Amino acid sequence: MTGFPVKLYVYDLSRGLARQMSMQFIGKQIDGVWHTSVTYQGVEYYYGAGVQTSVPGGTHHGQPLEVVDMGESSLPEDVVSEYIESLKDIYRPENYDLFMHNCNNFSQDLCQFLVGKDIPAHITGLPQEVLQTPFGQMMRPMIEQSLRPITTAPSAPVPVRQAPLKHSTITPATQARHHVLYVTSASHLEDLIKTKRCVSVFFTSSTCAPCRIAYPKYDELAEMYGEKCTFVKVDINQAYDISQQWQITATPTFQTFVDGEKIDNWKGASPLTLESNINMLIQIAYPPHSHRKLSLPNILGTSSLPITYTRIPPLDKIIAKLEAAGIKDQILSRVVTFIKEREAHGAREAALPDLHLWAAFIQEQVKRGANSDALFPIIDLFRVAAIDVRVGSWFAEEPEYKTLRNVIEFTSDDEKPYQVRLVTLQLLCNMFTSHLFVPHLCQELGGELSQLTTSALLDVHSNVRLAASSLAFNITAHGQRRRAEGAEEVLGEISIDLVVALIEGIGRESESGQTLSRLLTALGLLLYCAPNIQDSELFAICNSLEAREVVNRKKNEPIAVRALCDEVMLLLAPE
């Protein structure tokens, strides 16, 4: 696949003064006070007053002094946008520090993500070079004060283009703001009505003055219900065949459909009537689920934040252990340094190691089938590093997910040492801190995750079962969040594997109340508001596995577990 160029824009904040006067002031030649940004697909990304965007060369810094070709990337714009969003918590406006946490750190992280390359060392190393001089340390507050207004000034952002909807026949040119689609052909309109669950069509015309009254409300409703309903506008002056075929004689005219069947047809531009009719359409298309009548404070009151494992092992002992096993590599020390700096000073002070080298190293060790004494600490380092959203996001977008897939496949074997299985499960839990990992959960890695979780829930070691129950919770909590947002079901086929594993795990668990609680919560989240629950394969499997009897037998457990059992029993009860 042909990639898009990634460019590093380099600016001199001193505008030549550093080159002229640095030797005189600090006794060292400095060619510039470097500010950098990254351009990709027509957007310039940089850090100043938070993470900012601009048209290339359109920031308050003017034109770059130098443009460095960093290579090419084929990552789609929506993925890059999600990664940028994940960085905003690290690169906040108040976190900006000209010497320790600046635009060049941001450019370094973004270039690593896009192309796996470091920006030039003379740029990233400049702050330390200045601070190593006595005069540089003395002048630091003054330099900060004079340059901060320049580095953190606001700039007019460029709107990042929306990627076209996946699996959609709509082209980017026909997709408008607020999820409203402009349709110009009768066949296209018919296809939408036949294939979409819920459709609203606004027949308008460019010469219709009353239509303009309804535009803001229609766009507002499209923004509100865009996940549930397809909102369409048809300009009958441009789509004459539609007006003839649909016998539209006046504008504005509105028609609504559910599963291809017409629900309503009305004329007039009243915003109140429009809102009332669209609300009724949503109620018809998505009637309230019977589960919403249930009181489930323990299941629904559980925090939906992912369970993570952040404990840091004795890093120096890990390196010594690996060296004793004959495994030495520079990337190991770099990853350990990254973990130490992040723990001591926070993510903003921790420079990422070369993640391409780290991925290649892990893959090589897994391929060699390193003994458990060696592979366990390597995956454990991976687990700790993955807590950082930048690391997790990089591996979430690695081509073919090679590293994660290799680790999962290696540890799915029940014969592998339990320590390796344990840290792999904990690693996968930590990957949920990245928003970019979750979309791949079922589409690309669902089978592997399901197989590992299923086997681990039946492991003889209680701490492995606890980690597996945490992973099951993270997966089902994500599915429940998406369901609550009105999105299409995201767990798909792995929900069947999960429900089997959860029921069997609940039946067998006799040692850990914590594991049992997580299994029951995960089962509850998987079942809650599942579509067509009584007629679904999910419910049929619960019946065939006698899930109600399995759960009922756990009512002799502590009070907290009994309360969860009661709530799961409500979800399993026939209507």
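It should be emphasised that the depicted structure is a prediction, and the values quoted were computed from it without experimental measurement.

Student: Account for helix α16 (residues 389-396), with residues named and values stated.
Tutor: Of all eight residues that make up α16, eight are buried, and the element is covered over most of its length. Near the N-terminus of α16, the side chain that reaches the backbone nitrogen of R390, with its oxygen 2.8 Å away, is that of D388.

Student: Describe the packing of helix α8 (residues 211-225) against helix α10 (residues 271-285), listing the residues and the values that go with them.
Tutor: Relative orientation of the contacting elements α8 and α10 amounts to 25°, with a least axis distance of 9 Å. As the angle between them shows, α8 and α10 are arranged roughly parallel. Crossing angle aside, the handedness with which α8 passes α10 is right-handed. Side by side, α8 and α10 meet where I213, A214, K217, Y218, L221 and Y225 of the first sit next to P271, L274, E275, I278, N279 and I282 of the second. Looking at the contact of α8 with α10, its residues break down into nine nonpolar, one polar and two charged.

Student: Quick one: what's the story with the sheet that holds strand β4 (residues 50-54), residue by residue and with numbers?
Tutor: Taking strand neighbours across the sheet as the criterion, the five strands line up as β4-β3-β2-β1-β5 in an open arrangement whose pairing is antiparallel. The two strands at the open ends of the sheet, each matched to only one other strand, are β4 and β5 (66-73). Between one strand and the next, the sheet's axes are offset by a mean angle of 25°, whatever the strand orientation. In this sheet, strand β3 (residues 43-48) lies alongside strand β2 (residues 34-40) in antiparallel orientation, the contact comprising three bridges. What sits directly across from Y40, in β3, is V43. Across the sheet, helix α3 (residues 103-115) touches β1 (4-12), β2, β3, β4 and β5, and the angle it forms with β2 is around 30°.

Student: Give a description of the pattern of salt bridges that names residues and reports values.
Tutor: Within this structure, the stated rule accounts for 18 salt bridges. For the salt bridge of K217 with E220, the shortest nitrogen-to-oxygen distance reads 3.4 Å. Placement of both K217 and E220 in helix α8 is noted, with a separation of three residues, approximately one turn of the helix. The buried category is assigned to K217, whose relative accessible area is 15%. What makes E220 partly exposed here is its relative accessible area of 39%. One network of salt bridges, with partners in common, ties together D109, R342, D388 and R390.

Student: Pulling in residues and values, what's your account of the nonpolar core?
Tutor: Grouped together as the largest cluster of nonpolar side chains are 136 residues, with contacts concentrated most on F106, L114, W358, F395 and L520. At nine residues, helix α21 (residues 462-484) tops the list of elements feeding residues into this core. Once you skip the residues sitting within four places of it in the chain, F106 turns out to touch Y45, Y46, Y47, V51, I84, L87 and Y91. Counting 21 residues, the second-largest nonpolar core is a separate cluster that includes C198, F254, V258 and L281.

Student: Please provide a residue-by-residue account of the packing of helix α14 (residues 355-368) against α16, values included.
Tutor: Running from N to C, α14 and α16 cross one another at 65°; their axes reach a closest spacing of 11 Å. Crossing of α14 over α16 shows right-handed handedness. Every residue of α16 that contacts α14 at L355, H356, W358 and A359 is listed here: R390, V391, W394 and F395.

Student: Tell me about the state of the cysteines, and please be specific about residues and values.
Tutor: Covalent bonding between the sulfur atoms of two cysteines is what defines a disulfide. Scanning the model with the defined rule gives one disulfide in all. A disulfide bridge connects C208 with C211, and the sulfur atoms are separated by 2.3 Å. Disulfide C208 to C211: torsion about the S-S bond roughly 90°, handedness right-handed. Residue C211 is classed as buried on the basis of its relative accessible area, which comes to 0%. Of all cysteine sulfurs in the structure, the one in C229 sits closest to C198, which takes part in no disulfide; the separation is 3.3 Å. Here C198 falls in the buried class, since its relative accessible area comes to 1%.

Student: Which residues make up unusual backbone geometry, and what values do they have?
Tutor: Between T251 and the following residue, P252, the backbone shows a cis peptide bond with an omega angle of 0°. Within the secondary structure, P252 is located in the loop between α9 (240-245) and β9 (253-258). Positive phi values are uncommon outside glycine, yet Q41 reaches one of about 50°. If you trace the backbone, Q41 turns up in the loop between β2 and β3. Even without being a glycine, Q247 presents a positive backbone phi close to 55°. By the element assignment, Q247 lies in the loop between α9 and β9. On the basis of relative accessible area, Q247 is assigned to the exposed category, the value being 65%.

Cut-offs applied
- Sequence order as written defines residue numbering, which begins from 1 separately in each chain.
- Reporting of local features is limited, given that this is a predicted model, to residues whose pLDDT is at least 70; pairs of side-chain atoms are given and counted only at 80 or more, and all residues count toward the totals for whole chains, interfaces and linings.
- Each side-chain value is worked out from all heavy atoms of the structure, with water and hydrogens disregarded.
- Only protein chains enter the calculation, and the probe is 1.4 Å; a residue is then buried if its accessible area is under 20% of its type maximum, exposed if over 50%, and partly exposed in between.
- Numbering of helices and strands runs from the N terminus; a helix is a DSSP stretch of H or I covering at least four residues, while a strand is a stretch of E covering at least two.
- Identification of polar contacts relies on pairs of N or O atoms within 3.5 Å, with a donor-acceptor requirement for protein atoms, meaning one able to donate a hydrogen and the other able to accept it, and with residues adjacent in sequence counted only if both atoms are side-chain atoms.
- Geometry is summarised by axes, namely lines fitted to C-alpha atoms with helices restricted to the contacting stretch, and by angles between N-to-C directions that run from 0 to 180 degrees.
- Oblique is the label for any angle not covered by the other classes, which are roughly parallel (under 35 degrees), roughly antiparallel (over 145) and roughly perpendicular (65 to 115).
- Crossings are assigned a handedness: left-handed for a near helix turned anticlockwise from the far helix by less than a right angle, right-handed for a clockwise turn.
- Any two residues whose heavy atoms approach within 4.5 Å at even a single point are treated as in contact.
- Residues are sorted three ways: Asp, Glu, Lys and Arg are charged, Ala, Val, Leu, Ile, Met, Phe, Trp, Tyr, Cys and Pro are nonpolar, and all the rest, Gly among them, are polar.
- The rule for pairing is simple: two strands pair if DSSP sees at least two bridges between them.
- Every case where a carboxyl oxygen of Asp or Glu lies within 4 Å of a side-chain nitrogen of Lys or Arg is listed as a salt bridge.
- We define a nonpolar core as any set of buried Ala, Val, Leu, Ile, Met, Phe, Trp, Tyr and Cys residues linked to one another through side-chain atoms lying within 4.5 Å.
- When two cysteine sulfur atoms are found within 2.5 Å, that pair is recorded as a disulfide.

Any functional reading would require information beyond the geometric quantities listed.
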